Amino acid sequence: MAGAIALGGVFFIGTLWYWLVEGWSWEDAAYMTVITLATVGYGETHPLGSRGRLFTIALILLGVVNIGYIVNRFTEAIIQGYFQEGIRLQQQRRLMESLTEHYIICGFSRTGRQIAKEFQAESVPFVVIDSDMESVQRAQTEGYTAYQGDATLDDTLLEVGIERAMCIVAALPSDAENLYIVLSAKTLNSGIRVIARASTEEALQKLRRGGADEVISPYITGGKRMAAAALRPQVLDFVDGILTGADRQLYMEEFLLDPAFCPFVGQSLQKARLRSQSGALVLAIRRLDGTLIGGPTGDTVLMSGDRLIGMGTAEQLRSLNQILGPINSKKLRRPKNS
């Protein structure tokens, strides 16, 4: 751009000289300037004196320098991949615009990397946000969709489709930054589910007050898991085996009962015969008011807004999903279809 502007300035000076000093018409002055800068070797439009020829020599030198600069910069741009970078950014922008009902991971530190692995194992669409270019490149190297930016800014969240996302995970090391993310996410999309990381008990309470649906403290959770591993190792191994990992035989999933889609609302579990039809086991039911029914019996009635927690193989959970719906939930992820 600088070379193009300089070349335009030289063209203007040359045309102005031939028009004012030599007394030519605008058309002849512009034509003489163009053929001089292009060094095409045409003859003079009108005879020139010594002064005019000296100016023309200077005009030729200025034109050669400017055109050479432009060619050099253009070649350098191709070699260094500026255009490829522009194409890559356009492709990334189109990808971000195509995302819908996806998950957003803020921060690609150790916690964020583990979350990304679990999301990839579950085959759910997600995007990673990190302000550090090296972290973004690492995420892209591992095959994840990543965006470089400050996750605490509204513009960054809008770039990754916060208004179309199902859930956002604030996994930055800073509790203050995670609180900013929670506030921004709930402002931009009031229906989004927000999971936040907290380092202290005080931060845990503030993040909840800020609107986070779930707040996880790695230290508290880690301590509880270590205690469970010491006291109930087999139980912990079983639970881990159905909650995480890509090579699982059993899975656990949530299902939202919507009366517009589910034909069993108002019926008992015994009458619905979910176990015999799908093979999946209903472990618990969370009522709309928050009441948890663990180990529901056959007399337990299914109600509108209930969240069923089921366990079974991937095929059994897919079958249960089809029996209960299809469920259309913006807050709960449906079982994967492959």
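Before reading further, recall that the structure is shown in the block above.
The next thing to look at is the packing of helix α1 (residues 2-20) against helix α2 (residues 26-38). α2 packs onto α1 with a crossing angle of 135° between their chain directions and a minimal axis gap of 8 Å. On the basis of their axis angle, the class for α1 and α2 is oblique. Considering how the two elements wind past one another, α1 and α2 form a crossing that is right-handed. Contact with α1, carried on its side by Leu-7, Val-10, Phe-11, Gly-14, Thr-15, Leu-16, Tyr-18 and Trp-19, involves Trp-26, Ala-29, Ala-30, Met-32, Thr-33, Val-34, Thr-36 and Leu-37 of α2 and no other residues of that element.

What follows covers the pattern of salt bridges. Tallied over the full model, the rule gives 7 salt bridges. Its salt-bridge partner being Lys-186, residue Asp-213 comes within 3.2 Å of it at the nearest N-O pair. Here Asp-213 is found in the loop between α9 (201-209) and β6 (214-216), whereas its partner Lys-186 is found in helix α8 (residues 175-188), with 27 residues between them in sequence. With a closest N to O distance of 2.8 Å, Arg-318 and Glu-315 form a salt bridge. Of this pair, Arg-318 and Glu-315 both sit in helix α14 (residues 314-323), 3 residues apart, roughly one helical turn. According to the relative accessible area criterion, Arg-318 is partly exposed, its value standing at 21%.

It is worth spelling out the sheet that holds β6 at this point. The strand order across the open sheet built from 6 strands is β3-β2-β1-β4-β5-β6, with neighbouring strands paired in parallel fashion. Each end of this open sheet is capped by a strand with a single partner; those strands are β3 (145-148) and β6. In this sheet, neighbouring strand axes are inclined to one another by 20° on average, regardless of whether the strands run parallel or antiparallel. Note: strand β2 (residues 126-130) against β3, 4 bridges, orientation parallel. By the bridge assignment, Ile-129 is partnered in β3 with Tyr-147. The sheet contacts of helix α5 (residues 110-121) involve β1 (103-106), β2, β4 (167-170) and β5 (193-197), and relative to β1 the element is tilted by about 160°.

Here 4 strands make up an open sheet; going across it, the order is β7-β10-β8-β9 and the pairing antiparallel. Both outer strands of the open sheet, β7 (251-256) and β9 (292-294), are each paired with one neighbouring strand and no more. When strand polarity is set aside, the average angle formed by the axes of neighbouring strands in this sheet is 25°. Relative to strand β10 (residues 307-312), β7 runs antiparallel, the two being bridged by 6 bridges. Looking at β10, one finds that Glu-253 is bridged to Gly-310.

The rules behind each value
- Residues numbered from 1 in each chain as written.
- Predicted model: local features only at pLDDT ≥ 70, side-chain atom pairs only at ≥ 80, totals over all residues.
- Heavy atoms only, no water.
- Axes fitted to C-alpha atoms, helices over the stretch in contact; angles between N-to-C directions.
- Helix = DSSP H or I, 4+ residues; strand = E, 2+ residues; numbered from the N terminus.
- Parallel < 35°, antiparallel > 145°, perpendicular 65-115°, else oblique.
- Left-handed = near helix turned anticlockwise from the far one by under 90°.
- Contact = heavy atoms within 4.5 Å.
- Salt bridge = Lys/Arg side-chain N within 4 Å of Asp/Glu carboxyl O.
- Buried < 20%, exposed > 50% of the residue type's maximum accessible area, 1.4 Å probe, protein only.
- Pairing = 2+ DSSP bridges.

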